[in-house]
Amino acid sequence: MREFFFNLTWLIPIFPLLAFAIIILFTQKNQKLSHSISIGAMSLSWLIGWGVAFSAFATPHLGEHPFRLIAPWFPTGATTFNIGIWVDPLMAVTLFMVTFVCLMIFIYSIGYMGYGTEEVDPNYSRFFGYIALFACGMLGLVVSENLLTLFISWEIMGLCSYLLIGFWFQKNYPDPNKITPRQAGLKAFLVTKVGDLFLLLGILYLYNQAGSLSYADTLFNQEFLHQLAHTPALPIFGGWSAASAIAALMFGGTVGKSAQFPLHVWLPDAMEGPTPVSALIHAATMVSAGVYLVARIFPLLNVVLEVDHHNPAMSLIAFIGAFTAIFSSIIAIAQNDIKGVLAFSTISQLGYMIAALGVGAYVAGAFHLITHAFFKALLFMGSGSVIIGCHHEQDMMELGGLKNKMPRTFWTFVAGGFALSGFPIITAGFWSKDEILAHAWHEFMHQGVVSWPFFVWLLLTIAAFLTAFYTARQISLTFLGKPRSHHAEHAHETPNTMTIPLMLLAFFAITLGFVGIPEEIVGHGNNWFHHFVGHEYPATPLSIPVMLLSASLAVGGLGLGWLVYGRKPLAHGEMDPLERGMQRIKLGWLYEAMRNKFYFDELYHATFIQGSLKLAEVFYKIDNRWIIDPIVNLAGRVGVALAEFSSFLDSRFVDGAVNGTGKVVTILSRLNRIFDIRVVNALVDLVGKSTQYAGGKLRSIQTGRVQNYLMVALVTVLMALGLYLIYLS
Amino acid sequence: MSFPFLSIIVFSPIVGALIITALPKEKHSAIKTVALVSAFISMLLSIYVFFGYDQAAGGMQFEEQMQWIPSLGISYHLGTDGISLPLLLLTGVIIFCGVLISWTQDDRPKEFFAFLLVLVAGVFGVFVSLDLFLLFVFYELAVLPMYLLIGGWGWPVTREYAAMKLTLYLLVGSVIALVGVIAIYFEAGIGTFDIMRLAEVGFDTGFQYAFFLPIFVGFAVLAGLWPFHTWSPDGHVAAPTAVSMLHAGVLMKMGAYGALRVGMFILPVGAQKWLPWIVVLTVVNVVYGSMVAFAQKDFKYVIGYSSVSHMGYVAMGLTTMTVVGISGASLQMFSHGIMTGLFFAVVGLIYRQTHTRQIPELGGLARKMPFVAVAFIIGGMASMGMPGLSGFVAEFQVLAGTWQTYPVIAAISLIGIVITAAYIMKVSYKVFFGPLKAEHEGISAASVIEKFVLFIMAALLIVVGLYPSILLNVINTGVVPLVMRLR
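Residues numbered from 1 in each chain as written. Chains lettered and ligands numbered in written order. Predicted model: local features only at pLDDT ≥ 70, side-chain atom pairs only at ≥ 80, totals over all residues.

**So, the overall build of chain A**
Cut-off, in case you're wondering: Strands here are runs of E lasting at least two residues and helices are runs of H or I lasting at least four, both read from the DSSP assignment and numbered beginning at the N terminus. Any residue surrounded by 20 or more other C-beta atoms within 10 Å of its C-beta is treated as buried, while 12 or fewer makes it exposed and the intermediate range makes it partly exposed; C-beta atoms here are placed from the backbone.
A tally of helices and strands in chain A yields 30 helices and 2 strands. When burial is assessed residue by residue, chain A has 53% of its 729 residues classed as buried.

Rendered as structure tokens:
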């Protein structure tokens, strides 16, 4: 039975790919058929995916003996690149999450894209085609057996992200400074592409060291890993080992895809895409793929730790993750767009996972990856439900009072929000987030205060409080109080295709944490998640103070948020109380900066974008105006001048000589009348005529056209060479 | 002697050209039919040769040899191996597509098609010549009609300048290379121009150092190596569509092929000495070419400069002297040839309908020519190195090889990938999406013939992208022994 499912794994990404091809090529006109094909394919992937996942859960020692199936793809000299599948615990839990969340979002999209209503999207079918292609990319990434096919899937997702963010590409806004969907798609594509190139470099480096990109030959080959940890990296990396350098380069891909600082700027704008896309790509799957990658290459990071007890690449990862987590949670507080808050929240939570992996919390990072996908997809879909229910109003300042108008959306959103905040015991987010904090705490207890784990722990703890605060703000502004606009006044609950997926996800947002409760609480061997995913790594010990602190921060943050925004709801047009408060203590500029995302967009625009445009202009001018062409043209002119000069010499001297000869003969003939007049005359005629003839011929050669000179020159050169060769032989 | 496949591939276009000269000039469709049939014969035979090549045996196959000028050791020696086979195939496809896309050519078609066929005969000849003298004869045979075609049928604004510039560059390049070749001939002292025999002569180190550079650079001028590249965008832009396709699609590959076959194959020690320096120029090609392409407002110039950038990857792959890098370069030659052929076909179709190539004057054409838009986007994705298309595998291999030898260069060259993505996306959007200009309301979709051409090329990009082994198995048989020589 296990083998049966494992052997079918390769079908998982194939079904959505076929669905994409069929929809785009044949069924675009038929909306019902298109969404049925797309959802049907995804259902098959989900069934097989869960079959594989549960078979994997039931397979003892899968971690030590992963399942592998390969076929050759293309050769390069002695080595061959393969296509294949790989089933191991990390893959299995991710597959469990991805297939289910994808299916939920596919179903939800029927309602969101307005099927059966007059607001149905004109490109409805194409949407289902694109999301199917995306699912193919994501599932391909998860089942990949090697880094090359992982990279390929990674790129397919990037392309789909572009297509789907810019799905409403005709949309323009009256405000020219507001980014349009098309620009947002392009921005996302190019910014993540920068990250992708680092990943590519990492892959190239690894390939250079290993001669293979297969997981089995590289990441799961202890001998090779140790050798790599002892190999010094290229000089540009200072004294790092090759293993650290490769991991750091690959992590660059994560920084792009998972929107980590400093490449985070694309994700907030990606919200221009339809909300199912935000839920699917920019919350649950593609952005998580970056974290998945770091978890995948974790053996590469860990081996350096084993050898050196210190890994600079991990310090880098920890720093980026922790900084991103706090940085974006600060921004999230000041956002008024319902999806904008969630976008920054996602960046922040991804930072948590990255930071976790950076301090060595492999299991905790993977755990948070899975739980977050469920509750963040839920939150995005909830916000999408609000958007549809309120006729595309997204500004939270214009919402309010939806609790009774949209009860299903409200309660599921609360479940997701509490999970995000880490509300104690009854939410999945609590258990996974707590494990990260506990691990950082544990490490910092080992390493002392002047260490990365302390930094990580401190920043993540503050960020946990901020997370709870902005979640309470969001729930209060959206659902509590009285409607602040006409749209909110007339809100209605959304159809079952949207609310049922919300409820299913809410179930997991609450319960999924129970598979990873620390052993100190549930008893030895009962922390299933740790046991399955990472039993080769030591379990994070339970830390009561940390747990109490994070629980009280979650409750405290939620409570404070409710006090500020929920207890006395805002009236229409009223200023955000936090902004008012900060202005009162002369921090209005800081709030303004938070709302403007600390001006990173403006900074990058002024430097990188403008810089590249300028540089492109300069290069073009070097080519065309300043250096290269002027030199070429000058050489050309010299050539022409030389040709003109030789033509001048020709007409003056050579022709002159010919004509002169004629004249001399004429004169001689006149002088020597003793010759037979006929003979002389005949001779003169002959010479004169031939001179005339030759002159005419020469004139046609000397047309002043450079190309003719050139031909002559060329033919002459070739003839001379030919003669020379014949002479030599 | 077995059936002379290669000779027929080379001479079928020449016979076609001769028949065309004999036809009356008003018989347009007869002229075109003759051109198409002769191109088709060449394509069919190159496909046959490609698949008939015995990969297990490797080496030179389909050889033909005849004395030509015995006193100088010049012979008519043809043959093909894993390096030239994909190029043969490429040339066959491009000339066939080029003739089809010129089906509407009604300005002096007799001369046009005759020159076009002579040109392609020269290109085929270069790829199958195993005699240096013969190789040069074919080389010049390809260059001269190119001059006449651009000068006579090109874009009136720049054609004289561009044709002149191109011809000068190519002739200067070939003369420089010729000097090196003559030196090889005398230094070897065995009285032969036969490449295979010259390759067995161990030239001494000083000689190799001295003469590798002129040969490599002389040929690389034709491949658009920076800073000897400015002939190529100007030439591409001025040329009529089919000539641009041939020019960027296969003529530039002649340069890279010559640099490889003559320079690196005969003078491996010189290659080891100089290639680590030349690689710096190739990365300039990649990054600078893409930047300049980004700055262009003329659609055809964008494509012209994109060729400069992509040919940089070819040259870069060659300089790595690794199996993976040179395989990548060979695949990139094929991939770029098809891709750029596709691009120029699209630009030509659009220009014929709209009479402009200025990007700001275009827009929304996908609504009028959806098939063309899809084909261009497939080509564009190949150009950006998207997986599933041929460009990805080629560039991946080139980069893998480059990383092995020059990691920093590989890293810098990646900037080109981002810029390429930026300009391809910019151009695709501006030309095919966005608002349709009022004056373009009346334009019509591509004809069946044109769609067929675009389909062939787009399909090839996909097939090679998904199943690169179809080319790489053959390429490997040629590259592996070559790299052994370079070690």
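**Notes on the overall build of chain B**
Put simply, the rule is: Every radius of gyration here is taken over C-alpha atoms, with the globule rule written as 2.2 Å times N^0.38, N being the number of residues. A pair of residues counts as a contact when their C-beta atoms, built from backbone coordinates, are within 7 Å of each other.
Scanning chain B from N- to C-terminus turns up 19 helices and 2 strands. The C-alpha radius of gyration of chain B comes to 21 Å, within 12% of the 23 Å expected for a compact globule of 487 residues. Evaluated residue by residue, chain B yields a buried proportion of 66% over its 487 residues. Restricting the contact set of chain B to residue pairs at least 6 apart, pairs at least 24 apart contribute 81%.

**Describing the environment of Met498(A)**
All names here are of chain A. By the secondary structure assignment, Met 498 is in helix H21 (residues 496-511). In the structure, Met 498 is positioned 116 residues away from Gly 382 in sequence and 8.7 Å away in space, judged by C-alpha atoms. Aside from chain neighbours lying at most four places away, what touches Met 498 is Tyr 108, Gly 111, Tyr 112 and Ser 385.

**Considering unusual backbone geometry**
Negative phi characterises most residues that are not glycine, and trans characterises most peptide bonds. Cis rather than trans, the peptide bond between Phe261(A) and Pro262(A) has omega equal to 0 degrees. With respect to the helices and strands, the residue Pro262(A) is situated in the loop between helix H9 (242-257) and helix H10 (266-269). With an omega dihedral of -5 degrees, the bond running from Trp226(B) to Pro227(B) counts as a cis peptide bond. Within the secondary structure layout, Pro227(B) lies in the loop between helix H8 (205-222) and helix H9 (231-238). Located in the positive-phi region is Ala259(A), a residue other than glycine, with phi close to 55 degrees. Of note, Ala259(A) is situated in the loop between H9 and H10.

**Some points on helix H8 (residues 222-230) of chain A**
Residue and element names in this part refer to chain A. What counts is decided by this rule: Comment: arc refers to directions from the helix axis out to C-beta atoms.
Along H8, the residues that are buried comprise Leu 225, Leu 228 and Ala 229. Projected down its long axis, H8 shows its buried positions confined to an angular sector of 100 degrees, all on one face. Turning to H8, the residues buried within the fold contact helix H7 (181-210), H9 and helix H13 (298-308).

**Structural notes on the interface of chain B and chain A**
Threshold: Polarity classes work like this: nonpolar for Ala, Val, Leu, Ile, Met, Phe, Trp, Tyr, Cys and Pro, charged for Asp, Glu, Lys and Arg, and polar for all others, with Gly in that last group.
Between chain B and chain A, the contact holds 43 residues from the first and 40 residues from the second. Listed by contribution, the elements that provide at least two residues to the side of chain B that touches chain A are helix H6 (159-188), helix H11 (268-295), helix H13 (323-354), helix H16 (390-405), helix H17 (407-432) and helix H19 (469-486) of chain B. At 10 residues, H17(B) tops the list of elements feeding residues into the side of chain B that touches chain A. Of the residues assigned to the side of chain B that touches chain A, the class counts are 33 nonpolar, 9 polar and 1 charged.

**A word on the pairing of strand S2 (residues 79-87) of chain A**
Residue and element names in this part refer to chain A. For clarity, the cut-off: Strand pairing follows a simple DSSP-based rule, namely that at least 2 bridges must link the two strands.
Both strand S1 (residues 67-76) and S2 contribute to a ladder of 9 bridges, which runs antiparallel. Each bridged residue has a counterpart across the sheet, and for Pro 75 the counterpart in S2 is Thr 80. Counted between consecutive antiparallel strands, the loop separating S1 from S2 contains 2 residues, among which Gly 77 sits at a positive phi close to 60 degrees.

**Description of the nonpolar core**
Residue and element names in this part refer to chain A. Rules: We call a set of buried Ala, Val, Leu, Ile, Met, Phe, Trp, Tyr and Cys residues a nonpolar core when their C-beta atoms link them within 7 Å.
By size, the foremost hydrophobic cluster in this structure holds 457 residues, and its most contacted members are Phe 374, Ala 377 and Leu 460. Element by element, the count of residues in this core is highest for helix H4 (residues 89-112), at 19 residues. Apart from residues lying up to four places away in sequence, Ala 377 is in contact with Val 101, Ile 105, Ala 279, Ala 283, Ala 284 and Leu 505.

**Considering the environment of Gly211(A)**
Relative to the assigned elements, Gly211(A) resides in the loop between H7 and H8. Between the alpha carbons of Gly211(A) and Thr79(A) there is a distance of 7.3 Å; along the sequence they are 132 residues apart.

**Some words on the packing of H16(B) against H17(B)**
Residues and elements named next belong to chain B. In plain terms, the rule: For helices, the fitted axis covers only the stretch in contact; all axes are lines through C-alpha atoms, and the angles between them, taken along N-to-C directions, range from 0 to 180 degrees. When describing relative orientation, an angle under 35 degrees is termed roughly parallel and one over 145 degrees roughly antiparallel, while 65 to 115 degrees is termed roughly perpendicular and anything else oblique.
Where H16 meets H17, the closest approach of the two axes is 6 Å, and the angle between their N-to-C directions is 140 degrees. Our classification of the angle between H16 and H17 gives oblique. Judged by residue contacts, Leu 399, Thr 402 and Trp 403 of H16 engage Pro 407, Ile 409, Ala 410 and Ser 413 from H17. Its residues placed into classes, the contact of H16 with H17 shows 5 nonpolar, 2 polar and no charged.

**Thoughts on the packing of H8(B) against H11(B)**
Residue and element names in this part refer to chain B. Quick note on the threshold: Note on convention: the crossing is left-handed when the near helix lies turned anticlockwise from the far helix by less than a right angle, right-handed when the turn is clockwise.
One can describe the packing of H8 onto H11 by two numbers: an axis separation of 7 Å at closest approach and a directional angle of 50 degrees. For the element pair H8 / H11, the angle class is oblique. You can see that H8 and H11 cross each other, and the crossing is right-handed. Residue-level contacts link Thr 205, Gln 208, Tyr 209, Phe 211, Phe 212, Leu 213 and Phe 216 of H8 to Val 269, Gly 270, Ala 271, Lys 273, Trp 274 and Ile 278 of H11. Here the residues of the contact of H8 with H11 are counted per class, giving 9 nonpolar, 3 polar and 1 charged.

**Some details on the confidence of the model for chain B**
Going by this rule: Think of pLDDT as the predictor's per-residue confidence, scored from 0 to 100.
Per-residue pLDDT for chain B has a mean of 88; in total, 100% of the residues score no lower than 70. Across the assembled chains, the prediction reports ipTM 0.89 with pTM 0.87.

**What to know about the environment of Gly417(A)**
All names here are of chain A. Relative to the elements of secondary structure, Gly 417 occurs in helix H17 (residues 407-421). Separated by 273 residues in the primary sequence, Gly 417 and Ser 144 place their C-alpha atoms 33 Å from one another. Leave out the neighbours within four places in its chain, and Gly 417 touches Leu 379, Thr 471, Gln 474 and Ile 475.

**Details of the confidence of the model for chain A**
Residues and elements named next belong to chain A. Averaged over all residues, the pLDDT of chain A equals 85, while 90% of them reach at least 70. Taking the mean pLDDT of every element in chain A, the minimum, 54, falls on helix H29 (residues 677-701) and the maximum, 93, on helix H5 (residues 124-143). Throughout residues 700-704 the model reports pLDDT below 50, and contacts reaching past four residues in sequence, or to other chains, amount to 5 contacts.

**As for the pairing of strand S2 (residues 74-80) of chain B**
Residues and elements named next belong to chain B. A large share of S2 lies buried, amounting to 5 of its 7 residues. Across 6 bridges, the pairing between strand S1 (residues 61-69) and S2 is antiparallel. Bridging from a neighbouring strand, Gln 65 pairs with His 77 of S2. Connecting the antiparallel pair S1 and S2 is a turn made up of 4 residues, with Gly 73 showing a positive phi of about 70 degrees.

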